[in-house]
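For reference, the chains in residue letters:
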Amino acid sequence: MMKCLKNYKKLSVFVIIGIFLTITSIFICKTIPAYAAQVTGQEENDTSETENNERSNSGISINGNLGDLGISITTNNDDDDANNGLSTTLRILILLTVISLAPSILIMVTSFMRILIVFHFVRSALGLQTTPPNQVLIGLALFITFFVMEPVFSQVNNNAIKPLEANEITYEEAIDLGMEPIREFMFGQIRNEKDLTLFCNLAGIETVNTLDDIPTYVLIPSFIISELRIAFYMGFIIYIPFLIIDMVVSATLMSMGMMMLPPTTISTPFKILLFIVVDGWSLVIEQLVMTFF
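Residues numbered from 1 in each chain as written. Predicted model: local features only at pLDDT ≥ 70, side-chain atom pairs only at ≥ 80, totals over all residues. Heavy atoms only, no water.

Within the protein chain, the secondary structure is distributed over 10 helices and two strands. Counting helices and strands in the order they occur from the N terminus, the protein chain gives α-β-β-α-α-α-α-α-α-α-α-α. Relative to its 293 residues, the protein chain shows a buried fraction of 29%. Pairs at least 24 apart in sequence give 65% of the contacts found in the protein chain among residues at least 6 apart. Of the roughly 19600 Å² of accessible surface on the protein chain, a fraction of 67% belongs to carbon and sulfur atoms. (Helix = DSSP H or I, 4+ residues; strand = E, 2+ residues; numbered from the N terminus. Buried < 20%, exposed > 50% of the residue type's maximum accessible area, 1.4 Å probe, protein only. Contact = heavy atoms within 4.5 Å. Areas by Shrake-Rupley, 256 points an atom, 1.4 Å probe, with all protein chains shown as cover.)

Written out as structure tokens, the structure reads:
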């Protein structure tokens, strides 16, 4: 009993010493940076004032290019901000917003979605789960999207980006001019007016005299539904010949009494052979691209 009490006292002493050392180290860690900040504060203030003066005189320029498309943000002085109607901070915010939303914009308002869905239907119809892999399908769909959308991107570059870089138009005007070719593309791809009517009714728009009366927030979901419908229709057409092969192979195996052998094991090589003989990838991509023109 006495030994237990002695061990307990020793343990208590070690715990108290540990707590004391912890508190002391925390106090030192908080005190030293504060003292260092007070010592160097004046020097940092002087340096920041000098840099601000140099930036206000010289300005900041951010430039970037993606093929025919170019992005440029230049901050010179307050007079330029007043002429363009947007402050430097707002310009940078708009650029960061566009960069963060670029993947969604690429998927939702271009031909990318239809192309990728059709490619997945082709892979599923062949009975191949991971061949070609997703990275290959996405990359192929991306470059075909650039091919299909090149006329639209060229119009956006000529009508909005180049005049904006030449300070001929403001940022608000550049956005409106840049959206016009994209809106024309989306209107041209909507095959069924029911899609536009659906979202116009949901938005409370009763009368539409021209296409300009339809806002973009109504046009984009209508375009997405139309793309899904067309992609699924094409997927159904692609499935039919491969489905016939599956039925023939399955009936043949049943008639031979080979019920324990999975039909997909036999039908998959025949489906791949058929796809190679008819040059399936070229045929699918050709017909897919033709649907946009």
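What follows deals with the packing of helix 5 (residues 134-165) against helix 6 (residues 171-189). For any two helices packed against each other, one specifies the inter-axial angle together with the distance between the axes. Between helix 5 and helix 6, the shortest axis-to-axis distance is 9 Å and the interhelical angle comes to 165 degrees. It follows from the interaxial angle that helix 5 and helix 6 lie roughly antiparallel. The way helix 5 lies across helix 6 gives a crossing that is right-handed. On the side of helix 5, the interface is formed by M149, V152, Q155, V156, N159, A160 and L164, while helix 6 contributes Y171, A174, L177, G178, P181, I182, E184 and F185. In terms of residue class, the contact of helix 5 with helix 6 is built from 11 nonpolar, three polar and one charged. (Axes fitted to C-alpha atoms, helices over the stretch in contact; angles between N-to-C directions. Parallel < 35°, antiparallel > 145°, perpendicular 65-115°, else oblique. Left-handed = near helix turned anticlockwise from the far one by under 90°. Nonpolar A, V, L, I, M, F, W, Y, C, P; charged D, E, K, R; others polar.)

Structurally, L126 is set in the loop between helix 4 (112-125) and helix 5. A relative accessible area of 5% means that L126 is categorised as buried. C-alpha separation for the pair L126 and P269, spaced 143 residues apart in sequence, amounts to 9.0 Å. Excluding anything up to four places from it in sequence, L126 contacts F242, T268, K271, I272 and F275.

For helix 8 (residues 216-255), spanning 40 residues, the distance from its first C-alpha to its last is 58 Å, which sits close to the expected 58 Å at 1.5 Å a residue. Along helix 8, the helix axis deviates most sharply at I240, where the bend reaches about 35 degrees; the proline P241 sits within four residues downstream. A positive phi of about 75 degrees marks G257, the residue just after helix 8. (Expected span 1.5 Å × (residues − 1). Bend = angle between axes of the 7 residues up to and from the residue.)

A rise of 1.5 Å per residue sets the reference length of helix 5, with its 32 residues, at 46 Å; its end C-alpha atoms lie only 38 Å apart and thus fall more than 12% short of the reference. Maximal helix bending in helix 5 amounts to about 60 degrees, located at M149; proline P151 follows within four positions. N167 sits one or two positions beyond helix 5 and adopts a positive phi of about 60 degrees.

Take the pattern of salt bridges next. Under the defined criterion, the tally for this structure stands at three salt bridges. Residue R114 is joined to E227 by a salt bridge in which the shortest nitrogen-to-oxygen separation is 2.5 Å. Here E227 lies in helix 8 and R114 lies in helix 4, a separation of 113 residues in the sequence. Side by side, R114 and E227 carry an identical accessibility label, which is buried. Between D246 and K271 there is a salt bridge, with its nearest N and O atoms 3.4 Å apart. In this pair, D246 is assigned in helix 8 and K271 in helix 9 (residues 263-277), connecting sequence segments 25 residues apart. (Salt bridge = Lys/Arg side-chain N within 4 Å of Asp/Glu carboxyl O.)

Quick look at unusual backbone geometry now. Going from T131 to P132, the amide bond is cis rather than trans, its omega being -5 degrees. By the secondary structure assignment, P132 is in the loop between helix 4 and helix 5. With phi around 60 degrees, N167 is a residue other than glycine that occupies positive phi space. With respect to the helices and strands, the residue N167 is situated in the loop between helix 5 and helix 6. A residue is classified by how much of its surface remains accessible, and N167, at 59% relative accessible area, is exposed. Backbone geometry places D279, a non-glycine residue, at a positive phi of 55 degrees. Within the secondary structure, D279 sits in the loop between helix 9 and helix 10 (280-290). Exposure remark for D279: the relative accessible area of 43% places this residue in the partly exposed category.

As a further point, take the confidence of the model for the protein chain. Averaged over all residues, the pLDDT of the protein chain is 76; the fraction at 70 or higher stands at 70%. Averaged over each element, pLDDT in the protein chain is lowest for helix 2 (residues 78-84) (48) and highest for helix 4 (92). Per-residue pLDDT stays below 50 along residues 32-37; that stretch engages in one contact with residues further than four places along the chain or on separate chains. (pLDDT = per-residue confidence, 0-100.)

By size, the foremost hydrophobic cluster in this structure holds 44 residues, and its most contacted members are I115, V118, F119, V122, F185 and M186. Secondary-structure elements contributing two or more residues to this core are helix 4, helix 5, helix 6, helix 7 (193-203), helix 8 and helix 10. Per-element tally for this core: the top contributor is helix 4, with 10 residues. The contact partners of F185, leaving out residues within four places of it in the chain, are V109, T110, S111, M149, V152, F223 and F292. In this structure, A160, L164, I169 and A174 belong to the second largest nonpolar core, which totals five residues. (Core = buried A, V, L, I, M, F, W, Y, C linked by side-chain atoms within 4.5 Å.)

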